[in-house]
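So you can see what is in the structure, the chains are spelled out below.
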Amino acid sequence: MGDWLYLVIAIAVLAVALVVGLVVGRARRTPSAPPAPAPGLRTPPPPPAPTAAPTAAPTTEAPAEIPVEAEAPAAPAEPPAPALERPDGTASRLVRLRQRLAGSQSGLGRGLLALLSRDRLDEDTWESIEDTLLTADVGVAPTQELVEKLRTRLRVEGGEDARAVLREELLTLVDAGMDRRLQVSGAEGRPGVVLVVGVNGSGKTTTVGKVSRILVAEDRTVVLGAADTFRAAAVEQLATWGERVGVDVVRGAEGTDPASVAFEAVKEGLDTGADTVIVDTAGRLQNKAGLMDELGKVKRVIEKQAPVTEVLLVLDATTGQNGLIQARVFSEVVDVTGIVLTKLDGSAKGGIVVQVQRELGVPVKLVGLGEGADDLAPFDPGAFVDALLG
Ligand SMILES: Nc1nc2c(ncn2[C@@H]2O[C@H](COP(=O)(O)OP(=O)(O)OP(=O)(O)O)[C@@H](O)[C@H]2O)c(=O)[nH]1
């Protein structure tokens, strides 16, 4: 009986120990509840449960197909459309370019004023005045005229206001009365057509691009015709000018007949109701007959659809007498209606304005004053003479 009692007690103790052990073990495995967040604080969302990395089962079978969505490469993002440039408006352009003009031309006026302000205007001084004018490319006849007038006026009126007298006479020489407006509008619902001519390297293509920016700044719609098909780079250059301001450029492959490109450009201008079509041309000056053939044909073909409203001759101001000879040839081949004098920023020879107007009887309408996209300004005689006088 005593043995049985010991056995029952031992079994009971064991059973209790087993139950206690089980309860403690479960309590350790059960995570405790997170503490309640303090009032006013936001608990960050729990991090996403990590997904198990797919384990590639070593198998000889073909790999299971991966869902298309997961496998398909992301669609290539559309390249962002290039932002269109907003060209300089006329007012800010003029202020900036006047300063540049003054910087390049002030030597001539300052030189003349220094000579005219001498106490005694002897023959040597007048000779120096003539030399200064000739060096600035004013030309022989205009120089003689100016010197004669200055001599007379200063003798009669005295030399107190030499600057005012010189300003007036220079203005007369530059001919402030000429009509310098660009004819960029057509009639009867047709676009204005501007034909741009000149020898290679004078700045034709650049001028076409710059003029288109002036028109875009005035909210006009423009089409460009890259009829300088002689040089592929010129076509590319014009395409870039057009892209920058969102202007359509009609182009042909290298060697295409320039007249057909000009025709297509004007046709597009008509079809789209553009305000102005500007046609760049190749200026090969191989011989006058060839040039006449080429430009004559371009003009004739354009005029089947709309009259040419402006023929701009582009001249490089740094080429002096050479530029004048070219100007003469072009004006015999086409009816030039306006001159664009480029690279005036790189030349102190602003006097070329006077000579070229005299030679051709056509006004300088625009001046190029740098390689920047908006470095082209309408020619303003008053501002020009003021720039000369410094
Ligand atoms: N400094 C200065 N450079 C200019 C000006 N106008 C044009 N140029 C530069 O002159 C060079 C020739 O200009 P283009 O427009 O290619 O000349 P182009 O007459 O069209 O010549 P082709 O395309 O060969 O027919 C370029 O490097 C222009 O940046 C200007 O007013 N000032």
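Our structure is the block above this text.
My aim in this report is to walk through the structure given alongside it, one point at a time. (Residues numbered from 1 in each chain as written. Predicted model: local features only at pLDDT ≥ 70, side-chain atom pairs only at ≥ 80, totals over all residues. Heavy atoms only, no water.)

**Regarding the nonpolar core**
- Counting 74 residues, the largest nonpolar core has I302 and L341 as its most contacted members.
- No fewer than three residues from each of domain 1 (90–174) and domain 2 (192–336) sit in this core. (Core = buried A, V, L, I, M, F, W, Y, C linked by side-chain atoms within 4.5 Å. Buried < 20%, exposed > 50% of the residue type's maximum accessible area, 1.4 Å probe, protein only. Domains from an automatic or database assignment.)

**Some remarks on the packing of helix α5 (residues 140–157) against helix α6 (residues 162–174)**
- Two elements in contact, α5 and α6, have axes separated by 10 Å at closest approach and are oriented at 145°. Where α5 crosses over α6, the handedness of that crossing is right-handed. Here P142, E145, L146, K149, L150, R153, L154 and E157 of α5 come into contact with α6, specifically with A162, V165, L166, E168, E169, L170, T172 and L173. (Axes fitted to C-alpha atoms, helices over the stretch in contact; angles between N-to-C directions. Helix = DSSP H or I, 4+ residues; strand = E, 2+ residues; numbered from the N terminus. Left-handed = near helix turned anticlockwise from the far one by under 90°. Contact = heavy atoms within 4.5 Å.)

**Regarding the sheet that holds strand β6 (residues 338–342)**
- Strand order in this open sheet of 8 strands is β3-β2-β4-β1-β5-β6-β7-β8, and the pairing throughout is mixed. A strand with exactly one partner marks an edge of an open sheet, and here the two such strands are β3 (248–251) and β8 (376–378). Strand-to-strand twist across the sheet, computed as the mean angle between neighbouring axes with direction ignored, equals 25°.
- Relative to β8, strand β7 (residues 364–368) runs antiparallel, the two being bridged by 3 bridges. For G368, the partnering residue across the bridge sits in β8 and is L376.
- Helix-sheet contacts for helix α10 (residues 288–302) involve β1 (192–197), β4 (276–281) and β5 (308–316), and the interaxial angle to β1 is about 175°.
- Packed on one face of the sheet, helix α11 (residues 320–333) meets β1 and β5 and runs near 155° to β5. (Pairing = 2+ DSSP bridges.)

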